[in-house]
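Architecture and fold: a report
In case you want the letters, here they are:
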Amino acid sequence: MSRPGPERTATGLAGLDCDPGETLLSVRDLRTYYESGDLIGGQPVKAVDGVSFDVKKGETLGIVGESGCGKTTLGRTLVRLEAATGGEVRVGDDDVTQLSGEDLQAWRRNAQVVFQDPESSLNDRMTVGEIVREPLDVHDWGTPAERRARVRSLLEKVGLQEEHYYRYPHQFSGGQRQRVGIARALALEPEFVVLDEPVSALDVSVQAQILNLLMDLQEELGLTYLFIAHDLSVVEHICDRVAVMYLGNVMELGPTEELFEDPANPYTRALLSAVPEPDPTAEIDRMTLRGTPPSPRDPPQGCPFSTRCPVKIRPEGFEDVDDETWEAIEVFRETLRARSRAERSLSEQAREFLGFETRFATVDEVVEELFADRELPGSIREPVDRATDLARDGDEAPALDHLREELGSVCDHEPPAAHGVDATARESRCHRHDDEYEEPAAVGPSVGDAE
Ligand SMILES: Nc1ncnc2c1ncn2[C@@H]1O[C@H](COP(=O)(O)OP(=O)(O)OP(=O)(O)O)[C@@H](O)[C@H]1O
């Protein structure tokens, strides 16, 4: 069978040949779960838990969020390095998650990854020429002479010299190794490239060079990038649009400038307010988030961010309870949740949430510390007492269910839908965008620079 050589123009999948600005990938309700290693009954890790967005041809879409929120899994699922558990990734009429045979080969040629750590992602026993040529060999691209010529032109394209062909990765600096990784990713002329933290392992002085190279290559080759990063300043610099992930969900997605200037979602606001200001005298209200993200094995039933959200909606009838009392209830719930995970002892968790040095051994001591000095109305005292009884017997799950039933709001019960939040098609998932509630910005601390 004849294989595509250097002259080939068709990508192999009709949907990839769309025009710049048109939708290249249409991701719908995509889920990727990792099955638990337990023999029976373990919950899967819901690394990507129902995300929907489009990627437009020629754009750079940033994916940001804290460690463990599912960025890498999302990128790997899009290029079929991980199998999706559910949902779709449409390219024209094809669903990438279902491709097999030649169509899957065509997708694999067209969807490549540049990995974070050029130290470990390149095989140290192969020469640079062999590393870059390997995908051409695997896909039986052109003739051997054409492959060698292609590797030389790729090395030049990424700023390396011809004589580097016969060297080994360990003879190179981190920046040079990442250039090799980029050349390899581009060998098969892909349309779509996942850049998974491509500069975070590099010296700051080298980062800009690699980012400039990536931007030049994008322009020259019409590439579409998914740019995964936790460094927000890099994202602001390089991305056209940004998706903010939390616990396997996209909380907000929109054009970079608008999203950074006026973040709509409480999580985006918290994430941006955690970025150190270049001017330390600038007065901004920093949002500090309580606790740690919930386990992706057991995400909250309502809004993914509900357990830590600083502007969580109160349930009806509790609006007048003072903030400290309400905070104590949320800390109680968070402590029970941590205890049910049993990853760390209750005392460690409680100390972290409360900032106390005291050791807590029992639920009663936590309750005493949180509520002893407070006048609790019966509508709060009763569910707290009931939950304490349940938790005392080691039943945190029913205790939490009870608290959610009695003291939970819409944020605890329903996942928020995506709301359009400005004229740029930006979307944010938060119940506060419903007309009946105040917007996050109206009730929470302000975010952004104070120039
Ligand atoms: N192969 C795997 N098996 C089981 N769980 C996994 C696997 N890979 C990732 N996870 C889990 O899935 C969740 C998402 O991980 P992922 O690496 O996608 O997040 P991330 O946002 O890219 O994090 P980081 O910024 O630290 O790379 C985490 O809880 C992680 O522990």
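Details of the structure are given in the entry above.
Owing to the predicted nature of the structure, the values given are computational and were not obtained by experimental measurement. Along every chain, residues carry numbers that run from 1 in the direction the sequence is written. This being a predicted model, a pLDDT of at least 70 is required before a residue's local features are given, and a value of 80 or more before pairs of side-chain atoms are given or counted; all residues contribute to the totals for chains, interfaces and linings.

This paragraph deals with the nonpolar core. What tends to happen in soluble globular proteins is that the nonpolar side chains get buried as a cluster. Residues of type Ala, Val, Leu, Ile, Met, Phe, Trp, Tyr and Cys that are buried and joined through C-beta atoms within 7 Å form what is called a nonpolar core. Buried, partly exposed and exposed are defined by the number of other C-beta atoms within 10 Å of a residue's own C-beta, namely 20 or more, between the two limits, and 12 or fewer respectively, with C-beta atoms placed from the backbone. Val-132, Ala-183, Leu-195, Leu-226, Phe-227 and Val-244 are the most contacted members of the largest nonpolar core, which totals 86 residues. A pair of residues counts as a contact when their C-beta atoms, built from backbone coordinates, are separated by no more than 7 Å. Leave out the neighbours within four places in its chain, and Leu-226 touches Val-55, Leu-61, Ile-63, Gly-75, Leu-78, Val-194 and Leu-195. Core analysis: the second largest hydrophobic core is formed by 17 residues, Val-366, Val-367, Ile-380 and Ala-391 among them.

Here a strand pair is declared whenever DSSP counts at least two bridges between the two strands. Secondary structure elements are defined from DSSP: runs of H or I of at least 4 residues count as helices, runs of E of at least 2 residues count as strands, and each element is numbered from the N terminus. Here eight strands make up an open sheet; going across it, the order is E6-E7-E8-E3-E9-E10-E12-E11 and the pairing mixed. The open sheet has two edge strands, strand E6 (111-114) and strand E11 (418-420), and neither has a second partner. Strand-to-strand twist of the sheet, defined as the mean angle between neighbouring strand axes without regard to direction, takes the value 20°. Here strand E9 (residues 241-246) runs beside strand E10 (residues 249-255); their pairing, made up of six bridges, is antiparallel. Its bridge partner lying in E10, Arg-241 is registered against Pro-255. Helix axes use the C-alpha atoms of the stretch in contact, all axes being lines fitted to C-alpha atoms, and the angles between their N-to-C directions lie in the range 0 to 180 degrees. Against the sheet, helix H6 (residues 174-186) contacts E6 and strand E7 (192-196), and its axis sits at roughly 175° relative to E6.

Looking at the secondary structure, you find Thr-32 in strand E1 (residues 23-34). Thr-32 gets classed as buried once you count the C-beta atoms within 10 Å, which come to 25. C-alpha separation for the pair Thr-32 and Ala-84, spaced 52 residues apart in sequence, amounts to 4.8 Å. Other than its neighbours up to four places away in sequence, Thr-32 contacts Ala-47, Val-48, Thr-73, Thr-77, Glu-82, Ala-84 and Thr-85.

Take the site of the ligand next. Any residue qualifies as near a molecule or strand once its backbone-derived C-beta atom lies within 6 Å of it. Lining the immediate surroundings of the ligand are 13 residues, of which Tyr-34, Ala-47, Ser-67, Thr-72 and Thr-73 lie closest. For the shell around the ligand, the secondary-structure elements that each account for two or more residues are strand E2 (45-56) and helix H1 (71-78). Looking at the shell around the ligand element by element, the count peaks at three residues for H1.

The buried count for strand E3 (residues 60-64) comes to five of five residues, which makes it a mostly enclosed element. Residue alternation in E3 divides its side chains into two sets, Thr-60, Gly-62 and Val-64 and Leu-61 and Ile-63, and both sets are buried. Pairing of E3 with strand E8 (residues 224-228), which is carried by four bridges, proceeds in the parallel orientation. Paired with Ile-63 across the two strands is Ile-228, which belongs to E8. Where E3 lies against E9, four bridges are found, and the strand directions are parallel. Pairing of Ile-63 across the sheet is with Ala-243, part of E9.

The strand order E2-E1-E4-E5 describes an open sheet built from four strands, whose pairing is antiparallel. Only two strands of the sheet have a single neighbouring strand rather than two, namely E2 and strand E5 (94-95). In terms of strand pairing, E1 meets E2 through nine bridges, oriented antiparallel. Paired with Arg-31 across the strands is Asp-49, a residue of E2. H1 rests against E1, E2 and strand E4 (86-91) of the sheet, and its axis sits at about 60° to E2.

Moving on, we get to the pairing of E4. Alignment of E1 against E4, held across four bridges, turns out to be antiparallel. Bridge pairing in E4 links Arg-28 to Glu-88. When E4 meets E5, the two strands line up antiparallel, connected through two bridges. When the sheet's bridge partners are listed, Val-91 is paired in E5 with Asp-94. Joining the antiparallel neighbours E4 and E5 is a turn of two residues, in which Gly-92 adopts a positive phi near 60°.

Below, the discussion takes up the packing of helix H14 (residues 378-392) against helix H15 (residues 396-407). Axis separation between H14 and H15 bottoms out at 7 Å; the angle between their running directions is 170°. As far as their axial angle goes, H15 and H14 are roughly antiparallel. Contacts from Ile-380, Pro-383, Arg-386, Ala-387, Leu-390 and Ala-391 of H14 reach H15 at Glu-396, Pro-398, Ala-399, His-402, Leu-403, Glu-406 and Leu-407. Residues are sorted three ways: Asp, Glu, Lys and Arg are charged, Ala, Val, Leu, Ile, Met, Phe, Trp, Tyr, Cys and Pro are nonpolar, and all the rest, Gly among them, are polar. Looking at side-chain class alone, the contact of H14 with H15 contains nine nonpolar, one polar and three charged residues. The cut-offs work like this: below 35 degrees is roughly parallel, past 145 is roughly antiparallel, 65 to 115 is roughly perpendicular, and the gaps in between are oblique.

Let us now look at helix H13 (residues 363-371). Since the α-helix advances by 3.6 residues per turn, residues separated by three or four positions end up pointing in the same direction. Burial in H13 covers these residues: Val-363, Val-366, Val-367 and Leu-370. Projected onto a plane normal to the axis of H13, the buried residues spread over an arc of 95° and lie on a single side. What the arc describes is the spread of directions from the helix axis to the C-beta atoms.

Our next topic: unusual backbone geometry. Glycine aside, the phi torsion of most residues is negative, and most peptide linkages are trans. Positive phi, normally seen in glycine, also occurs at Asp-140, with a value near 55°. Mapped onto the elements of the fold, Asp-140 is located in the loop between helix H4 (128-138) and helix H5 (144-157). Its identity as a non-glycine residue notwithstanding, Glu-189 has a phi of 50°, on the positive side. On the basis of neighbour count, Glu-189 is assigned to the partly exposed category, with 17 C-beta atoms found within 10 Å.

H14 packs onto H13 with a crossing angle of 155° between their chain directions and a minimal axis gap of 9 Å. On the basis of the axis angle, H13 is roughly antiparallel to H14. Contacts between H13 and H14 involve Val-363, Asp-364, Val-367 and Phe-371 from the first element and Val-384, Thr-388, Ala-391 and Arg-392 from the second. For the contact of H13 with H14, the class distribution of residues is five nonpolar, one polar and two charged.

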